[in-house]
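# Results of the structural survey
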Amino acid sequence: IPNKPVTIEEIEVAPPEADEVRIKIVATSVCHTDLYHLFEGMHKDGFPVVLGHEAAGIVESVGSGVTEFQPGDKVIPLFLAQCRDCRFCKSPKTNQCEKAWVEHRADAMSPLRSRLTCKGKKVYQFSGISTFSEYTVVKQINVTKIDPAAPLDKVCLLGCGICTGYGAAVNTAKVEEGSTCAVFGLGAIGLAAVMGCKNAGAKRIIAVDINPDKFEKAKVFGATDFVNPKDHDKPISQVLFEMTNGGVDYSLECVGNVGVMRSALESTIPAWGVSVIVGWTTLHDFSAPPGDLIAGRTWKGTMFGGFKSKDGVPEMVNAYMNKKLMVDEFITDNMTFDQINDAIEMMKHGKCIRTVLTFTE
């Protein structure tokens, strides 16, 4: 129910039909997008709903026509599909999938069809996957198989936040070696963006947040400078302009606030700056004067960090297993699933980066 604490209910999870997979969720984490739907978007057509979209689990059963998965496989469910057959999937220009577009309702943040019911009534599947549940049923184009040795209570974070922020820097912005970057918002996505900038070879990474408690954490991921807009009486874009001799090469907006999106754009160097919108909102329109772009800036968006989901997530799991990617450092708390409302409150008040919830047997 919108704007209320979530309740734990017994639900019915239907057996998988053709091209579907039923997954036993082992670990799931709370992402700000779950809170956005619950407390901000609150679209009337998106409830009742089982939230959750950042998780890892084990295949319990498969429907007819499923050849890619079998019971026992370790998997990560994907809110962004990859069918590998449509013109989008076949193009290197995008990570979108046409088959996903047919069903998804952007405002309601769930497809109309659901495999979950509670007391005989349909309950929507958030992002088509609903991971705040011991079991869920998803289409096989929304699942990817991962290294069987991967710890599920860690790699569950690769189902959304880390890939989104990291990929925004390396895939979408295409941060170059020796460049200067600014990351706005230091939640999990922003910290992952900082890590992406560092791994791409940026020489200076300016972390921007109104919560100074986040700055120590940002240092762990590679931030070199910290700016709290509240410490200045002039616009943050002006502060960054002066710090960098005319603007940063790349900026990443990881908040989902249209005012911050414009500030991030205007913090980049007018001749070649690239600003990426990573944060999600449907509540307001962004705007900027044409002069902000005419001299040569680029303003672009990213979903899931530009990763083609089925291909990208296992690669990121492998990078973690090979110690080339930080994941554990994002996890500030581990709880059991019955503490989900505590986890939501902590996220709401900025008291955690990621809380991982596990189901007790």
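Structure: see above.
On a predicted model such as this, the values are computed, not experimentally measured, just so you know.

Counted according to the given criterion, the structure contains 19 salt bridges. Here glutamate 17 makes a salt bridge to arginine 115, at a shortest N to O gap of 3.3 Å. Of this pair, glutamate 17 sits in the loop between β1 (12–13) and β2 (20–29) while arginine 115 is found in the loop between β7 (110–111) and β8 (116–118), placing the two residues 98 residues apart along the sequence. A salt bridge links glutamate 216 to lysine 219; its shortest N-O distance comes to 3.5 Å. With glutamate 216 and lysine 219 both in helix α6 (residues 214–221), this residue pair falls three residues apart, about one helical turn. Owing to a relative accessible area of 54%, glutamate 216 belongs among the exposed residues under this scheme.

This brings us to the sheet that holds β8. Strand order in the open sheet formed by four strands is β1-β8-β9-β3, and the pairing between neighbours is mixed. Among the strands making up the open sheet, the edge pair consists of β1 and β3 (49–50). Where β1 meets β8, two bridges bridge the pair, whose relative direction is antiparallel. In the strand pairing of β8, valine 13 is matched with leucine 116.

On to the packing of aromatic side chains, then. Each aromatic ring pair is characterised by the separation of its centres together with the angle its planes make. One pass over the full model with this rule turns up six aromatic pairs. Taking the centre distance of 4.5 Å and the plane angle of 40° together, the rings of phenylalanine 221 and phenylalanine 330 count as tilted. Taken together, the positions of phenylalanine 221 in helix α6 and phenylalanine 330 in the loop between α10 (309–321) and β18 (331–336) put the pair 109 residues apart, joining distant regions of the chain. Take phenylalanine 221: its relative accessible area is 1%, and that puts it in the buried class. Taking 4.6 Å as the distance between ring centres and 55° as the angle between the ring planes, the aromatic pair formed by phenylalanine 286 and tryptophan 299 counts as tilted. You can see phenylalanine 286 sitting in the loop between β16 (274–277) and α9 (291–294) and its partner tryptophan 299 sitting in strand β17 (residues 298–301), a full 13 residues away along the chain.

Before going further, it helps to examine the nonpolar core. Within the largest apolar cluster, 55 residues are counted, with the highest numbers of intra-cluster contacts made by Ile76, Val155, Leu158, Ile162, Cys197, Leu252 and Phe330. Of all the elements, helix α5 (residues 188–199) adds the most residues to this core, at eight residues.

With their axes 10 Å apart at the nearest point, helix α1 (residues 32–41) and helix α11 (residues 340–348) run at an angle of 95° to one another. Looking at the two axes, α1 sits roughly perpendicular to α11. Where α1 approaches α11, its residues His32, Leu35 and Phe39 are matched on the opposing element by Ile344, Met347 and Lys348. Here the residues of the contact of α1 with α11 are counted per class, giving four nonpolar, one polar and one charged.

Cut-off values and rules
Residues numbered from 1 in each chain as written. Predicted model: local features only at pLDDT ≥ 70, side-chain atom pairs only at ≥ 80, totals over all residues. Heavy atoms only, no water. Salt bridge = Lys/Arg side-chain N within 4 Å of Asp/Glu carboxyl O. Helix = DSSP H or I, 4+ residues; strand = E, 2+ residues; numbered from the N terminus. Buried < 20%, exposed > 50% of the residue type's maximum accessible area, 1.4 Å probe, protein only. Pairing = 2+ DSSP bridges. Phe/Tyr/Trp six-rings, centres within 6.5 Å; stacked < 30°, edge-to-face > 60°. Core = buried A, V, L, I, M, F, W, Y, C linked by side-chain atoms within 4.5 Å. Axes fitted to C-alpha atoms, helices over the stretch in contact; angles between N-to-C directions. Parallel < 35°, antiparallel > 145°, perpendicular 65-115°, else oblique. Contact = heavy atoms within 4.5 Å. Nonpolar A, V, L, I, M, F, W, Y, C, P; charged D, E, K, R; others polar.

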